[in-house]
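For reference, the chains in residue letters:
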Amino acid sequence: MEDYKSGISGRLQNLALRIARAAEAVGREPAGVRLLAVSKTWPADSVREAAAAGQRAFGENYVQEGVAKVEALAGLGLEWHFIGPLQSNKTRLVANSFAWVHSIDRLKIAERLSEQRDVHLPPLDVCIQVNVSGEASKSGVAPDDLPELARAVAALPRLRLRGLMAIPEPTSDVALQRARFASLRQLREQLNAGGLQLDTLSMGMSDDLEAAIAEGSTMVRVGTAIFGGRA
Ligand SMILES: *Cc1c(COP(=O)(O)O)cnc(C)c1O
């Protein structure tokens, strides 16, 4: 007999509870936090299983692997998000296979995505990845350089700048987790005060989603807690 809490479907149920409790603990509506299931390294059949359990949005880190799953599962009505590092020679595939890109960290990549996005598709939803961990992390734009990049990305015709994304350095120090996420929230507030309209904070993963939700996350990106540990 299989325990109903085991397997992908059971773990999705557990996660929905975790998200709801974290939201309610700070007086937020659970519906204000979307779950992005990060399926990197997991086969298309795992995605199919999650989709059958009602999960709709999936995140991928590697272009080739992601595009293969997008194609294998076309027709399931899934929403695909690219969340990994992006090189300029791979932007065309990403521009036309995904609905979102979370990892914009320089203008050149954003310009290519905008130029290459198929005119028959809606604009590509994007987030700018910000380095909120200073020297402890290399990926993402520095907070000081964010306003200029955000204005330039927001002006690109085939992109829609939705918000900010961060991957803080791993730590079990909850106060530090909260401080990193709070800084991303404040950066979004500053940009919106300056006239942009960003509705998305892509922050929080399997181990720190409670802290991220407490600081205003609107989209948590969760892999391990759904699919299990990566090989
Ligand atoms: C792998 C990954 C995640 C998910 O991490 P887990 O700890 O497995 O939940 C989220 N965001 C990005 C950018 C990732 O690469």
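Keep in mind that what you see is a predicted model, and the values were worked out from it rather than measured.

## Here we look at the overall build of the protein
So, point 1. Along its length, the protein carries 9 helices and 8 strands.
So, point 2. Its C-alpha atoms give the protein a radius of gyration of 17 Å, near enough to 17 Å, the size a compact globule of 231 residues would have.
So, point 3. For the protein, the C-alpha atoms occupy an extent of roughly 55 × 40 × 30 Å along the three principal directions.
So, point 4. Within the protein, the proportion of its 231 residues that are buried is 51%.
So, point 5. Taking contacts inside the protein between residues at least 6 apart in sequence as the whole, the part at least 24 apart equals 57%.
So, point 6. A total of about 11100 Å² of accessible surface is found on the protein, and carbon and sulfur atoms cover 51% of it.

## Concerning the pairing of strand β4 (residues 100-104)
So, point 1. Most of β4 sits out of view: 5 of its 5 residues are buried.
So, point 2. Across 2 bridges, the pairing between strand β3 (residues 79-82) and β4 is parallel. Paired with Phe82 across the bridge in β4 is Val101.
So, point 3. A crossover connection joins β3 to the parallel β4 through helix α4 (residues 91-97); in handedness this β-α-β unit is right-handed.
So, point 4. Crossover handedness for the path β4 to helix α5 (residues 107-116) to strand β5 (residues 124-129): right-handed.

## Overview of the UniProt feature "modified residue: N6-(pyridoxal phosphate)lysine" (unreviewed entry) in the protein
So, point 1. Here, UniProt's "modified residue: N6-(pyridoxal phosphate)lysine" (unreviewed entry) annotation points to Lys40.
So, point 2. As for its position among the elements, Lys40 is in the loop between β1 (34-38) and α2 (44-52).
So, point 3. We classify Lys40 as buried; its relative accessible area is 15%.

## Digging into the packing of aromatic side chains
So, point 1. On inspection of all chains with the given rule, the structure shows 3 aromatic pairs.
So, point 2. Between Trp42 and Phe227, the ring centres sit 6.3 Å apart and the planes meet at 20°, which makes this aromatic pair stacked. Of this pair, Trp42 sits in the loop between β1 and α2 while Phe227 sits in helix α9 (residues 224-227); the two residues are 185 residues apart in sequence, bridging distant segments of the chain.
So, point 3. The buried category is assigned to Phe227, whose relative accessible area is 5%.
So, point 4. Summarising the aromatic geometry, the rings of Phe82 and Phe98 are spaced 5.4 Å apart at their centres and angled 75° between planes, so their arrangement reads as edge-to-face. Of the two residues, Phe82 is situated in strand β3 and Phe98 in the loop between α4 and β4; the sequence distance between them amounts to 16 residues.
So, point 5. With a relative accessible area of 0%, Phe82 lands in the buried category.
So, point 6. A relative accessible area of 2% means that Phe98 is categorised as buried.

## Section: α5
An α-helical segment advances 3.6 residues per turn. Residues three or four places apart therefore align on the same side.
So, point 1. Buried residues of α5: Ile109, Ala110, Leu113, Ser114 and Gln116, and no others.
So, point 2. For α5, the elements touching its buried residues are α4, β4, β5, α6 (146-154) and β6 (159-165).

## A closer look at the pattern of salt bridges
So, point 1. Applying the stated rule across the entire model yields 14 salt bridges.
So, point 2. Put simply, Arg106 and Asp105 hold a salt bridge, and the shortest N to O gap is 3.1 Å.
So, point 3. By relative accessible area, which is 28% here, Asp105 ends up partly exposed.
So, point 4. The residue Arg180 makes a salt bridge to Glu169 at a minimum N-O spacing of 2.8 Å. Here Arg180 is found in helix α7 (residues 174-193), whereas its partner Glu169 is found in the loop between β6 and α7, with 11 residues between them in sequence.
So, point 5. Note on Arg180: relative accessible area 21%, which makes it partly exposed.

Criteria and cut-off values
Residues numbered from 1 in each chain as written. Predicted model: local features only at pLDDT ≥ 70, side-chain atom pairs only at ≥ 80, totals over all residues. Heavy atoms only, no water. Helix = DSSP H or I, 4+ residues; strand = E, 2+ residues; numbered from the N terminus. Rg over C-alpha atoms; globule rule 2.2 N^0.38 Å. Buried < 20%, exposed > 50% of the residue type's maximum accessible area, 1.4 Å probe, protein only. Contact = heavy atoms within 4.5 Å. Areas by Shrake-Rupley, 256 points an atom, 1.4 Å probe, with all protein chains shown as cover. Pairing = 2+ DSSP bridges. Right-handed = clockwise from strand over helix to strand, strands pointing away. UniProt positions renumbered as here; feature names shortened; annotations may be inferred. Phe/Tyr/Trp six-rings, centres within 6.5 Å; stacked < 30°, edge-to-face > 60°. Salt bridge = Lys/Arg side-chain N within 4 Å of Asp/Glu carboxyl O.

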